[in-house]
Amino acid sequence: MVTSTDCLHSQNWLVNDSGDYIALNLEELTLPEKPYRLYRFLTELEDILDHITDDCFRIQAIMPLVRKLLASSYWLQMEFSEPPIDPGWSVKFLYDEYEFPSTIQMVAWLPGNISPIHNHATWGIVAVVGGQEKNQFWRKVSTLEYPNHIECVGEKILVPGDIIGFTADAIHCVEALGNEPVVTFNLYGETAYHQRFEFDRVTHEAKNF
Ligand SMILES: [Fe+2]
C-alpha cells in the first residue's frame, strides 16, 4: 500500500487525446491537521467541475485533491475487492450518486492480466495504491480504409503513489505487473457510453464497450 509520504511526493502524469504523456509539476501539498475526509473531497470536486470546463485544467485542479485524500484517508486504500481468478479483475464503487458528475471506483487486477485498448469517453484520474502497472498509450491515426487505425506511442510503468489523468479520447491499455494485485483509486466524469470504444490493434476496428 502507498504511504502518506508516497502520496505527497510521487509523480503526476497527464495523457491527452493524442497519446502524449506529460509530467505535471503540481504544487507541493502538506497534510491538513484534521483528516481530509471523503465528503470534503466530493464537495471540492463538485465545485471544480462546476467552474472549470476544460478537462486538462480539471484534471490538474483535481489531482492534488486526490493526492491529499489518499494521504489523509488511508482507509480508502483498503476498500477494494479481491479479484477472482476469472476474470482476473474486480471493481468496487466507493461513490456513485444519481446525477453527481463523477464516480469513484476501486479497481484491482491480478498480475498478468491486460486490459483491452480503450478510451473512457470522459476525463479520468487513476492513482496507483498497490502493485505495479504498465500503461501503454495509443493514438488514433485514421486512414480512409481504417478510421479506427491505432498506433502505440509510448508506455509508462506506474508504482504506488503515482497518479495519471486521461482526457476523454486518450487511448490506453493496462497490464498488471509483478507478484501482487494492482490496486487503483479511479475517478471518472460522466461517461458518454456511445463514444467509449475498445480498439483492436490487429483489425483496427473499434466497438463500444
Ligand atoms: Fe482505462
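Everything numeric here is computed off the predicted structure, so don't read it as measured data.

What counts and what doesn't
Sequence positions are assigned chain by chain, starting from 1 and proceeding in written order. For this predicted model, a pLDDT threshold of at least 70 governs which residues receive local features, and a threshold of 80 or more governs which side-chain atom pairs are given and counted, while totals over whole chains, interfaces and linings are taken from all residues. Side-chain metrics rest on all non-hydrogen atoms present in the structure, leaving aside hydrogens and water. Here a strand is any run of E in DSSP of at least two residues, a helix any run of H or I of at least four, and the numbering for each starts at the N terminus. The globule rule used for comparison is 2.2 Å times the number of residues to the exponent 0.38, while the radius of gyration itself is calculated over C-alpha atoms. Partly exposed residues are those whose accessible area sits between 20% and 50% of the maximum for their type, while under 20% is buried and over 50% is exposed, using a 1.4 Å probe and protein chains only. By the convention used here, residues are in contact when the closest approach between their heavy atoms is within 4.5 Å. Only the protein chains shown count as cover for residues, and the accessible areas themselves come from Shrake-Rupley with a 1.4 Å probe. Neither His nor the chain ends contribute to the count of charged residues, in which Lys and Arg are positive and Asp and Glu negative. By convention, the charge on Lys lies at NZ, on Arg at CZ, on Asp at CG and on Glu at CD. Pairs of strands are assigned from DSSP output, requiring at least two bridges between the strands. Axis lines are fitted through C-alpha atoms, for helices just across the contact stretch, and the angle between N-to-C directions can take any value from 0 to 180 degrees.

Chemist: Help me understand the overall build of the chain in this model?
Modeler: A tally of regular secondary structure across the chain gives three helices and 13 strands. By the compact-globule yardstick of 17 Å for 209 residues, the chain fits well, its C-alpha radius of gyration being 17 Å. Principal axes of the C-alpha set define a box for the chain whose edges measure 60 × 40 × 35 Å. Scored against the burial criterion, the 209 residues of the chain give a buried share of 48%. Residue pairs in contact within the chain that sit at least 24 positions apart in sequence constitute 73% of those at least 6 positions apart. For the chain, the accessible area works out to roughly 10,600 Å², and carbon and sulfur atoms hold 50% of it. Of note, the chain has its 14 positive side-chain charges centred 3 Å away from the centre of its 30 negative side-chain charges.

Chemist: Would you mind showing me how to read unusual backbone geometry here?
Modeler: Note the cis peptide between D86 and P87, where omega equals 15°. With respect to the helices, strands and loops of the structure, P87 is situated in the loop between helix 3 (55-72) and strand 3 (89-95). Positive phi, close to 65°, is recorded for E99, a residue that is not glycine. Of note, E99 is situated in the loop between strand 3 and strand 4 (103-109). One non-glycine residue, A121, adopts positive backbone phi at about 55°. Within the secondary structure, A121 is located in the loop between strand 5 (117-118) and strand 6 (124-130). A relative accessible area of 8% places A121 in the buried class.

Chemist: Would you take a moment to explain the sheet that holds strand 9 (residues 163-166) for this structure?
Modeler: Sheet strands associate in pairs through backbone hydrogen bonding, adopting either a parallel or an antiparallel arrangement. Read across the sheet, seven strands follow the order 2-1-9-6-11-4-3 without closing on themselves; strand pairing throughout is mixed. Single-partner strands in this sheet number two, and they are strand 2 (21-24) and strand 3. Ignoring which end each strand starts from, the neighbouring axes of this sheet average 25° apart. Where strand 6 meets strand 9, four bridges bridge the pair, whose relative direction is antiparallel.

Purely geometric stuff here, so don't read any function into it on its own.
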